[in-house]
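Descriptive analysis of the structure
This is what each chain is made of:
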Amino acid sequence: MKGENEVKHRGILNRQYDLHETKESAVPEKGIRKFLYLLVNETGRLIILNLVFVLSCLPVITIPAAVCALDHVLFKMIRKGYGYDLSDYFTELRAELVKSLPVGAACGVLLFYGYYLLSFAVQMPERAAGYFRFAALACCIAAVLAGSYCFAILSLFDMKVSSALKNAVWLSLYHWKQSGTVLLLTAAFAAFVFLLMPLSGICMVIIGCAVYHLVLCITLRPVLEKHAEAGNTSDK
């Protein structure tokens, strides 16, 4: 993320961050136009990246590191507006292999506990079941937001997991609009996968995971940039 002509700023997330990179005029800067531009013009690279990501997830224990690596490459693609170096993916994968495990474990526990509460609610009286469903929903929301923000932070910033989690909690609460967008996008993708199985499963293996994380990265990037002007540590 470094270059000869970059203008560096410090941020609350404790990292040097480039806010004034040279951009090609043909590349949209943000939003849905940025997403569509990358989806249309970088389809082949997204498919390759998605397949590498899926293969990286096969040992299961490597899933958190694979998510960090995927986000890391996608953020670079978003910033440049084109391509990526696949070696960056494997470098990030190795760097986060152990470091990201606590985040993945925490999100996994929250999702499992949410599922447990939801299944337990089926056996409860209607009034009590409502409380269990609410608790299950809260666990799932916490897992999605903590995972989305924390993996994005770890993929960009060189910081301890504890600091990443604190920033993830603060940012998810402070930027509630972006957090709401993340939840809606996740719900939409989950509905797509559930309702269109097995076709959706094939789609996720081919390109779906990369597309989902591309949308998340485009959504979270303004949040991370906004708070990148008051920190004091270097990037990766």
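Up top is the structure these notes are about.
Reading the values: the criteria
- Residues numbered from 1 in each chain as written.
- Predicted model: local features only at pLDDT ≥ 70, side-chain atom pairs only at ≥ 80, totals over all residues.
- Heavy atoms only, no water.
- Axes fitted to C-alpha atoms, helices over the stretch in contact; angles between N-to-C directions.
- Helix = DSSP H or I, 4+ residues; strand = E, 2+ residues; numbered from the N terminus.
- Parallel < 35°, antiparallel > 145°, perpendicular 65-115°, else oblique.
- Left-handed = near helix turned anticlockwise from the far one by under 90°.
- Contact = heavy atoms within 4.5 Å.
- Salt bridge = Lys/Arg side-chain N within 4 Å of Asp/Glu carboxyl O.
- Buried < 20%, exposed > 50% of the residue type's maximum accessible area, 1.4 Å probe, protein only.

Thoughts on the packing of helix α3 (residues 63-80) against helix α4 (residues 86-95)
α4 packs onto α3 with a crossing angle of 140° between their chain directions and a minimal axis gap of 8 Å. Our classification of the angle between α3 and α4 gives oblique. As for the relative orientation of α3 and α4, their crossing is right-handed in sense. Each of A65, A66, C68, A69, L70, H72, V73 and K76 in α3 lies in contact with α4, whose residues at this interface are D88, Y89, E92 and L93.

Some thoughts on the pattern of salt bridges
Throughout the structure, instances matching the rule amount to four salt bridges. The partner of R45 in a salt bridge is E42, and the shortest N-O contact between them spans 2.8 Å. Using a relative accessible area of 6% as the deciding quantity, one classes E42 as buried. Salt-bridge contacts for K99 lead to D158; the nearest nitrogen and oxygen are separated by 4.0 Å. Pair noted here: K99 is in the loop between α4 and α5 (101-121) and D158 is in the loop between α6 (126-156) and α7 (161-174), with a separation of 59 residues, a long-range link. For D158, a relative accessible area of 44% translates into the label partly exposed.

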